[in-house]
Amino acid sequence: MFTIGLSQFDIKAADPRANTARMKADIGKAKAANCDILIFPELSIPGYFIGDIWDQPDFIDECVAFGKEIQSLSEGITLIFGNVAKEEGRVNLDGRLRKYNAMFIARDGKLISPGRSPYPFYIKTLLPNYREFSDIRYFTSLMEVAQERHAFPEDFLSPVQLSFGDKGTLCIGPLICEDSWDENYPFKPMAYLGEMYDIDLFVNISNSPFTLGKTDRRHRLFGNAIGSLHRPAVYVNCTGIQNNGKNIYTFDGSSGAYNGDGSLHYQCDSFTEELAVVQFDKATGRFASAAKTAPPKGETAELYDSLHFALSSFLRDLGLKKVVIGVSGGIDSAVNAALYASVLPPENILLINMPSCYNSATTKGLAKELADNIGCLYTVIPVQESLELSRQQFAEAALYQSGKKRGHLELTSFIEENIQARDRSSRILAAAAAAFGGVFTCNANKAESAVGYATLYGDSAGFLAATADLWKHQVYDLARYLNQAVFRREVVPQGSIDIIPSAELSANQNIDKGQGDPLIYPYHDYLFAAFIERWQRATPQSILEWYAAGTLEDHIGCPLKVAAIFPTAASFIADLEKWWNLIAGFAVAKRIQAPPLLAVSRRSFGNDLRESQVKPYYSTAYLALKEKLLRQ
């Protein structure tokens, strides 16, 4: 029987000293628990998302030195950990230091390498280069190493033989994260090892960020792969938050042990540090310790857990203790306020309502009700006088050219809407945050971010956009979940859930008359998601083809019948082009300048969805189909 420790800990990106200290603490605990093996996550010393810090040779040397410290602590225990490895005297094609994302296995102060490897460590074979991942930018893969040496990857990919004295030996199949998620790669490391060698136990170390539904999908894919090979496995992931500048990712951990039939025997709690200890019986190929698994969570529960964990971690890591939130009485600001209230004490939260003449008594009352429900600080700072001042100033500011008067700049209703939004954020909230000793938030949701339905330097501003990766329907779901499951009382006012969404920035947005946003969220949420989140992203061409075939609702998952919204092809096409022109047009510029966001979806705005500022494009097939439909 082998005792195996799984160290699921909070990796601090670009802080190898802190990570090494945490690893040393777990090594001490594992030795006290008589563990034969202790396994840490991928890149557990440097962290994963650290940007071009990877190009600092001094930082790499620091990580290598800390790795040697961990290696020196392996007396009487086998330590498996992820770190960056460097190869002296070699450079990549760009001339920078040759680096590997590597698994190190140490015992009694010495490194144990895979049997056929020319290196004293295992090199990650499959480097992801999609979504937020840029491994190829920084690391060299085992595939490239083989190619350089005029060999096949199979020539270097081999198991690791571990000896434990009287207990016997274990044949370990080493894998780093992507090496197990290989369904779309021509070379499949896990399958190769399982078919060619008598593997006793696969060991996968990962640094894998959370997205909605990913944990269940991972269990399913990993379990199926293990079941087909009839080999047990352990999977060790980290917790914590890491970011790439624009996207803040949570790491849920969810480390686990799998029996040879693919069944999950043990799962660490999500978003929680844990040193799990399991017993592995080599004779049966199964884990003999007490089983522990968790039932699947609903989507909204997963959303909340990730957002709550990210928010509390982000504030703690930045040393932020106070927030100012502009509240309108609407759903977005109410949900953001409730989220922060789940993390901070009420005296550290300041809600500010900033009405103009266009704000109704209904929404002003809801903003006050929200503050009372939370028990936080609250104030009202109107913006009507500053709007009037702007009107007066522009009316008095004549334009001159070569000494001749050329008229005035006219403030349209649309321009005045943006004046109000910018006044609220750039002037009032920014000043209030400074006076309060905190920061102010951005309350955006993903639908509005998609089409730029937010004012640049206005309501798109803030230190963080906590809900900017949530579609509007998810914001509503989260509001109900916060009331029912988190606070177990009404914090988000029911009135904020029930009223029609409206910016209330002009006379044409009177909420009491049912005049709301131009977006039909139960439809546009799903249309925009098709443009952004589908793995094979939709374009106006595919949307119009599905519309013509009568299958649009099925393809995008829309709960509404499109024909009930748009009675004619002309009205459908006009709406489609209106929003596409924004999504692919000026909204890109707004998103580039938007605050960082908490990422939870399979593709969030920022470095996950990499965008260029180009002209909106319509394919030839789209234009032909459009002409055909409009003639009918």
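Residues numbered from 1 in each chain as written. Predicted model: local features only at pLDDT ≥ 70, side-chain atom pairs only at ≥ 80, totals over all residues. Heavy atoms only, no water.

### Re the environment of A479
Structurally, A479 can be placed in helix α13 (residues 472–486). For A479, a relative accessible area of 0% puts it in the buried group. Measuring from C-alpha to C-alpha, the distance between A479 and E385 comes to 33 Å, with 94 residues separating the pair along the chain. Sequence-distant contacts of A479, defined by excluding residues within four places in its chain, comprise I331, V335, V492 and I497. (Helix = DSSP H or I, 4+ residues; strand = E, 2+ residues; numbered from the N terminus. Buried < 20%, exposed > 50% of the residue type's maximum accessible area, 1.4 Å probe, protein only. Contact = heavy atoms within 4.5 Å.)

### A closer look at the sheet that holds strand β18 (residues 349–353)
Taken in spatial order, the four strands make up an open sheet running β19-β18-β17-β22, and their pairing is parallel. The open sheet terminates on both sides in strands that have one partner only, identified here as β19 (377–380) and β22 (439–440). Both strand β17 (residues 323–326) and β18 contribute to a ladder of four bridges, which runs parallel. Bridged to V323 within β18 is I349. Docked against the sheet, helix α8 (residues 331–341) engages β17 and β18, running at close to 160° with respect to β17. Strand contacts of helix α11 (residues 413–436): β17, β18, β19 and β22, with the helix running at about 155° to β17, the strand carrying the most contacts. (Pairing = 2+ DSSP bridges. Axes fitted to C-alpha atoms, helices over the stretch in contact; angles between N-to-C directions.)

### A closer look at the packing of helix α16 (residues 540–549) against helix α21 (residues 620–631)
Contact geometry for α16 and α21: axes closest at 9 Å, N-to-C directions at 35°. Our pair here, α16 against α21, has a crossing hand that is left-handed. Note on element contacts: α21 touches α16 through A621, Y622, L625, K626 and L629, opposite P540, Q541, L544, E545, Y547 and A548. Tallied by class, the residues present in the contact of α16 with α21 amount to eight nonpolar, one polar and two charged. (Left-handed = near helix turned anticlockwise from the far one by under 90°. Nonpolar A, V, L, I, M, F, W, Y, C, P; charged D, E, K, R; others polar.)

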